[in-house]
Amino acid sequence: LAATIALLTDFGNQDPYVGMMKGVIASIAPQAKVIDLTHAIPPGNINRGAFELWQSAPFFPPGTVFVAVVDPGVGTIRRQIAIAWPDKICVGPDNGIFTYLLATEQPVATVELTNRAYHLKKVSTTFHGRDIFAPAAAYLAHGLNIEELGPPAIDLIHLPLPHLEMIDDETVQGRILHADRFGNFITNIGLLKIDGEDMLIEPWLPFFPPTRFKFKDAFVPLPNGADLRLGATFGDVAPGEPVAYIGSSGMLEIAVNQGRAADSLPMQVGQELLLVCKG
Amino acid sequence: LAATIALLTDFGNQDPYVGMMKGVIASIAPQAKVIDLTHAIPPGNINRGAFELWQSAPFFPPGTVFVAVVDPGVGTIRRQIAIAWPDKICVGPDNGIFTYLLATEQPVATVELTNRAYHLKKVSTTFHGRDIFAPAAAYLAHGLNIEELGPPAIDLIHLPLPHLEMIDDETVQGRILHADRFGNFITNIGLLKIDGEDMLIEPWLPFFPPTRFKFKDAFVPLPNGADLRLGATFGDVAPGEPVAYIGSSGMLEIAVNQGRAADSLPMQVGQELLLVCKG
Amino acid sequence: LAATIALLTDFGNQDPYVGMMKGVIASIAPQAKVIDLTHAIPPGNINRGAFELWQSAPFFPPGTVFVAVVDPGVGTIRRQIAIAWPDKICVGPDNGIFTYLLATEQPVATVELTNRAYHLKKVSTTFHGRDIFAPAAAYLAHGLNIEELGPPAIDLIHLPLPHLEMIDDETVQGRILHADRFGNFITNIGLLKIDGEDMLIEPWLPFFPPTRFKFKDAFVPLPNGADLRLGATFGDVAPGEPVAYIGSSGMLEIAVNQGRAADSLPMQVGQELLLVCKG
C-alpha cells in the first residue's frame, strides 16, 4: 500500500492544473490515495498556504506526503525541496511555504530536488507542481528514499511569523491572520488547556513558553469599545451577536453567530488585537 | 474492502476543513473510498443540505456511509447522531439534515454518538465534522456496528417539508426550492410515469398518494401571464426561451435554454408556483 | 485493478451532480480511481472543455477513461459516444467536445452508446452524465470491450479549430483562447524545441508542419505599441510587469508577474495577436 498524498495549492478549481498533477501521480504511484487540502489559497499567498498546511498536517496518517505549491517564483532560481519529519514528508518550493511546520518541529532530512530521473521527462518553466513536485511526491509515496531525490538542502527560506507580545501580565497582543469561508476571524493567539490549567501559547514557536492565563474572565476589547467575552462556540450567543472562542485548531477565533464577523465587525484581517484577562 | 463514504457540508473549498476530515478518515479507514457530494451548501442552510442529500443517496452503492455536516449549532446541546437504513448509514448533527431521507424511508437504527472511544482524542467545540462525524463514519465504513457508537436516539429533529397542495382536480401548487449552478429552478413537484400513466407525487411523502395527472397538456402559468408548456429537455425550445420539464431527479424544473432562468424569468427561489393540466 | 477515470464537466461544485456521477461509478466499478480534471468549464462552453481535455490527457496513465460532459444539447438528437485511442478512451456527447483530441490523433474505434444494458435503468432527459456517460465509463474501466456499448458512430461533430496564420516569414498570427485562474492568457501559438531548434507548431494540427522560428529575439506587439519580449517565466520580469513565455503545455502565454494580465493588459480573450521574430 502506498502512502497518502495531500495537496495544497493556489491553483483553484477552474483550470485542470490540479487534475494534471493527479494524472502524473496516478501514472507513477497508482496505489497512492490523493487528498485535496485546498486549492483556493489566494494566488501567491505563501503565508496563508504555510499556515493552512501547518493546521492540517496533524490530522493525516503517519507517512503522508504533503505537496504544497504556492509558487510565484516558479522557474526562477528558488530551489525545489523535500523535507522529511519522523511522521511526514513535504514537497514544494523553497519559498517559506513550510515555515510554520519547520518552526514547530525539527526535520530529519532536507533535500533539493535536482535528480532529473524523478522529474517528468519534459520540465516546463511555469508548472513545477506537475513536472517536479507531483512526481517527487509519487515516488516518495511509492517508497523512494528521500536522499535519492537530490543533495541536502540547507539554509531554507523562512517567512516571518506573526508573534505574540505580552503587554502586561493580563494582556497579550496578537493579530487577525485571515477569515475563513464562514467569515470567522482566525488569530495567532493559541489557547490550550494543559492539566486543567489554561495556557497561552504560540503553537508554532516552541521558544514561547506556555503561559498561565485565566480564560474564564478573558475578553477581547473591540474597536467600538465593547468587550467581547469568550464563549465555547457560536451558538453560545444570540444570532447576530459576536463571540470569541477557542477554534478547532486551538487558536482564538472571532465569529458572529449565524452571521459573518468579517463583514459585520469593526475589525479586519491583518489587524492587531488584544486578549485581556483581568483575573 | 471498506464502504464508500460520501461527504456533504457547507464548508466550501476555500479552507482545508474538508481536507482535515479526509485526513481523519484516511487515518482510521485507509481503504475507504471518499466521495464529495458537495461542500457548497450555503452556510447554515440545513434544508438545502437535507434536500441534496436525499436527491443523491439513491445513486450510491449499498452500504455507503453519508456524512452530512451543515451544523450552525455545533457545540451546543444539539445531539450528534448516526442513522442506519437497510442500504445506507448517515452521520451528522440532529438538526433536521436527515429530514427528507427520514420522510422517505423508516430507519432501522438511530444512535447518539456519545461513545468517546470513537471520537478524536481531543474534541473541539466548533468542528465536530472532523472530531466526531468523520471518525464515526470511518469506523462504520470499517465495519463497526452502529450500536457501538452510543445509545438509541429518539425524537429526532424534523424540518417542515415543502408540501404540495391540490387547488382543484387540474391544478397543484408547489414551490421553487432553489436554483442550481445553471440557474435552473428546482421545485418540489414530483412527476413520475407509473405503468405508462403520468403521476404527480411528493417523493419524500409516502402519505401523499400518487395522483393521476395528464402532463401532455400541462403548463406552468408564469407571473407575466404566459403559459409555460412542458418539454422534455432544454433543447426542446429555442435558445433564450424558457421551458418546464421533469428534471433528473423526477422533480419539475424550469430552465432557459442556453440561459439562466434564475436571472431572466420573473420568478424566484421560495416562491409558490402552479402546475395546471386542463385535460 | 480497474482503470483510472478522469472527469471534466461544466457542472460546477455547487450542486451534487458530480457526486452523483461518482456514486454511479462506485456502484459499477468500485475499484476505479476517479480524478477530477475540472468541473468549472463555463456552462455550455464546449470549445473550452475540448481544449482543456486535450491539454490534460497526456498526463494520465495509459488506459485512462475520460468522461467529458459539456452538453447543452442533452436529451435532443445529438448522439452519445465513446471513442478509443491506443492509450485512452473518451466518453461524452457528440457535440465537438473531442475536437482537439481527434485532430491530434486518429482513433481506433468510435461507437454510439445505444446499448441500454449499460445505461442506468431509468434514464433522465437532462442528466446523461449520470445516466449514460458515467455508467459507460465505469464499465469500460472495469474492462468492457467498447464494441459492447453500441454500433460504430461515423461523421462525428468537429468544432472549428483556432488556426495560426503566417503573415510573413517573421510573423505568425494567433489568438487568445482564454485566461486561467491567475489571469494568464493562453494562446493557440505552439512553441517547441526540437533537436535544439525552435519550432512553431499548431499542436492539434498534424497538417501544419513545424516551422523554424527564432524565439530568442521574438516579441508580441501589444495594442499600446509596446513590444513584449519572450521570457522563460513570470519571475523573469519585475512585479507588475508583463511577460510572454512558453506555457506549461507548450503554448505561448502572456502573464503579469504577481498580477493578472487579464485585468491589466490592453488585450482580451478571443482577440488575435501576433508573434514577431526579427531574426
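As the structure is a computational prediction, the values presented were derived from the model and not from experiment.

1. Notes on the overall build of chain A
Scanning chain A from N- to C-terminus turns up five helices and 16 strands. The dimensions of chain A, computed from C-alpha atoms along their principal axes, are 60 × 40 × 35 Å. Per-residue burial for chain A yields a buried fraction of 60% across its 279 residues. In chain A, the proportion of contacts linking residues at least 24 apart, taken out of those at least 6 apart, comes to 63%.

2. Considerations on unusual backbone geometry
The phi dihedral of D155 of chain A falls on the positive side, at around 55°, and the residue is not glycine. Of note, D155 of chain A is situated in the loop between α4 (128-141) and β7 (165-168). Phi angles above zero are rare outside glycine, and Q258 of chain B is one such case at about 60°. Among the structural elements, Q258 of chain B can be located in the loop between β15 (251-256) and α5 (261-264).

3. As for the pairing of strand β8 (residues 171-179) of chain C
Residue and element names in this part refer to chain C. Here β8 lies mainly inside the structure; eight of its nine residues are buried. Two strands pair when backbone bridges link them, and strand β7 (residues 165-168) and β8 are joined in this way by three bridges, in the antiparallel orientation. Paired with M166 across the two strands is V172, which belongs to β8. Between β7 and β8, which pair antiparallel in sequence order, lie two residues. Relative to strand β16 (residues 272-277), β8 runs antiparallel, the two being bridged by five bridges. For V172, the partnering residue across the bridge sits in β16 and is L275. Bridging between β8 and strand β9 (residues 185-194) involves three bridges; their strand directions are antiparallel. Bridging from a neighbouring strand, A179 pairs with F185 of β9.

4. Regarding the relation of the copies chain B and chain A
Note on the identical chains: chain B maps onto chain A by a rotation of 120° and an axial translation of 0.0 Å, with an RMSD of 0.0 Å. On the angle and the small slide along the axis, the relation comes out as a three-fold axis. Of the interface residues in chain B, just 6% have counterparts in chain A that sit at the interface too, so the contact is made through distinct surfaces.

5. Some words on the environment of I41 of chain C
Examined against the element boundaries, I41 of chain C turns out to sit in the loop between β2 (33-38) and α2 (46-56). Taking C-alpha positions, I41 of chain C is 23 Å from A84 of chain C, a pair spaced 43 residues apart along the chain. In contact with I41 of chain C, not counting residues within four places along its chain, are R181 of chain B together with L8, T9, D10, R48, G49, E52 and V70 of chain C.

6. Points about the confidence of the model for chain A
Confidence along chain A averages 93 in pLDDT terms, with 98% of residues attaining 70 or more. Scored as a complex, the prediction yields pTM 0.96 and ipTM 0.95.

7. A closer look at the interface of chain A and chain C
Of the residues lining the interface, 33 residues belong to chain A; the matching set on chain C comes to 31 residues. Taking both sides of the interface into account, the surface hidden between chain A and chain C amounts to around 2,500 Å²; carbon and sulfur atoms contribute 57%. Together, Q14, P16 and T126 of chain A form the three largest contributors to the area buried by chain A at its contact with chain C, with a combined 21%. Where chain A touches chain C, the interface holds one salt bridge. Here D15 of chain A makes a salt bridge to R48 of chain C, at a shortest N to O gap of 3.4 Å.

8. Re the sheet that holds strand β2 (residues 33-38) of chain A
Residue and element names in this part refer to chain A. Read from one edge to the other, the open sheet built from six strands follows the order β2-β1-β3-β5-β4-β6, with strand pairing classed as mixed. Strand pairing shows two members of the sheet lacking a second neighbour, β2 and β6 (109-112), which therefore form its edges. The sheet shows a mean angle of 20° between the axes of neighbouring strands, direction not considered. Of the strand pairs in this sheet, strand β1 (residues 4-9) and β2 are connected by five bridges, and their pairing is parallel.

9. Focus: the interface of chain B and chain A
Taken residue by residue, the interface counts 33 residues in chain B and 31 residues in chain A. Between chain B and chain A the total buried area reaches about 2,500 Å² when both faces are included, carbon and sulfur atoms providing 57% of it. Applying the counting criterion to the chain B and chain A interface returns one salt bridge. The interface formed by chain B and chain A includes 15 residue pairs in polar contact (both at pLDDT 80 or more). Residue contributions to the side of chain B that touches chain A peak at eight residues, all from helix α1 (residues 17-28) of chain B. Broken down by class, the residue content of the side of chain B that touches chain A amounts to 16 nonpolar, 12 polar and five charged.

10. Overview of the pattern of salt bridges
A side chain of one charge can pair with a side chain of the opposite charge when the charged atoms of the two come close. All chains considered together, the criterion is met by 27 salt bridges over all chains. Its salt-bridge partner being D87 of chain C, residue K88 of chain C comes within 3.2 Å of it at the nearest N-O pair. Its relative accessible area of 10% is what places K88 of chain C among the buried residues. Connected via shared salt-bridge partners are D15 of chain A together with R48 and E52 of chain C.

11. Focus on the packing of α1 of chain B against helix α4 (residues 128-141) of chain B
The geometry of a pair of packed helices is captured by two quantities: the angle between their axes and the separation between those axes. Residue and element names in this part refer to chain B. Their axes nearest at 9 Å, the elements α1 and α4 cross at an angle of 40°. Taken together, the axes of α1 and α4 lie oblique to each other. Regarding α1 and α4, the two cross each other, and that crossing is right-handed. Between α1 and α4, the contacting residues are M20, M21, V24, I25 and I28 on the first element and G129, R130, A134, P135, A138 and Y139 on the second. Among the residues making up the contact of α1 with α4, the classes are represented as nine nonpolar, one polar and one charged.

Cut-offs used in this document
Residues numbered from 1 in each chain as written. Chains lettered and ligands numbered in written order. Predicted model: local features only at pLDDT ≥ 70, side-chain atom pairs only at ≥ 80, totals over all residues. Heavy atoms only, no water. Helix = DSSP H or I, 4+ residues; strand = E, 2+ residues; numbered from the N terminus. Buried < 20%, exposed > 50% of the residue type's maximum accessible area, 1.4 Å probe, protein only. Contact = heavy atoms within 4.5 Å. Pairing = 2+ DSSP bridges. Least-squares fit on C-alpha atoms with pLDDT ≥ 70 in both. pLDDT = per-residue confidence, 0-100. Buried area = accessible area lost by both parts, 1.4 Å probe. Salt bridge = Lys/Arg side-chain N within 4 Å of Asp/Glu carboxyl O. Axes fitted to C-alpha atoms, helices over the stretch in contact; angles between N-to-C directions. Polar contact = N/O pair within 3.5 Å; in protein donor to acceptor, adjacent residues only side chain to side chain. Nonpolar A, V, L, I, M, F, W, Y, C, P; charged D, E, K, R; others polar. Parallel < 35°, antiparallel > 145°, perpendicular 65-115°, else oblique. Left-handed = near helix turned anticlockwise from the far one by under 90°.

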